[in-house]
Amino acid sequence: MMAAIPRTAPLIWLPCLCILALTAGCTGTGFGEVDYADGALQVKVDNPSGPLEATFQVTISRTSTFEQEEVETIVRSVDLQDGTNTFSYPVALEPGSYKLYLYLLEGDERTAAVIRDIQV
């Protein structure tokens, strides 16, 4: 014989599931938009976890049909505040297609990484 499930059980779990759904994917630092304008690379970093010191690295490679050539690597210490942070790094890029390899490190641990394509 099976025990009956109380009718209030769904009411207890529903708020928990809603909270879980609303916070999913919002626990870590990550990259937002990346643009190139006026001779500088602008990078947005979303930080939901409060102020922290980190190291930002971007490797810029020019791409063509069958080739990829590294043209610049930028490594900087950054102070991230809670919310969206925007950083600007001067770099001279000629018109063309580029692949950006973006990394964010806290100490020796890589906390965020993304590859982006841009057109200059």
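Residues numbered from 1 in each chain as written. Predicted model: local features only at pLDDT ≥ 70, side-chain atom pairs only at ≥ 80, totals over all residues. Heavy atoms only, no water.

A. View of the overall build of the protein chain. Within the protein chain, the regular secondary structure consists of one helix and seven strands. Each helix (α) and strand (β) of the protein chain, taken in turn from the N terminus, gives the series α-β-β-β-β-β-β-β. Taking all 120 residues of the protein chain together, the buried fraction comes to 28%. Long-range contacts, defined here as pairs at least 24 residues apart, represent 55% of the contacts in the protein chain between residues at least 6 apart. With the model as given, the accessible surface of the protein chain reaches about 8,300 Å², and the carbon-plus-sulfur share is 55%. (Helix = DSSP H or I, 4+ residues; strand = E, 2+ residues; numbered from the N terminus. Buried < 20%, exposed > 50% of the residue type's maximum accessible area, 1.4 Å probe, protein only. Contact = heavy atoms within 4.5 Å. Areas by Shrake-Rupley, 256 points an atom, 1.4 Å probe, with all protein chains shown as cover.)

B. Structural context of the side chain of Thr59. The topology assignment puts Thr59 in strand β3 (residues 52-63). Ignoring sequence-local partners within four residues, the contact set of Thr59 consists of Glu70, Glu72, Thr73, Lys99, Leu100 and Tyr101.

C. Representation of the sheet that holds strand β2 (residues 40-47) in the model. Strand order across the open sheet formed by three strands is β1-β2-β5, with antiparallel pairing between neighbours. Two strands in the sheet have a free side with no partner beyond their single neighbour: β1 (30-37) and β5 (83-90). Recorded for the sheet is a direction-independent mean angle of 20 degrees between the axes of neighbouring strands. (Pairing = 2+ DSSP bridges. Axes fitted to C-alpha atoms, helices over the stretch in contact; angles between N-to-C directions.)

D. Here's a closer look at the pairing of strand β4 (residues 68-80). Strand direction decides the pairing type here: β3 and β4, joined by twelve bridges, are antiparallel. Looking at β4, one finds that Leu52 is bridged to Leu80.

E. Summary view of the confidence of the model for the protein chain. On average, residues of the protein chain score 82 in pLDDT, and 78% of them reach the 70 mark or higher. Counting contacts from residues 16-26, a segment whose pLDDT is below 50, to residues more than four positions away or on other chains yields one contact. (pLDDT = per-residue confidence, 0-100.)

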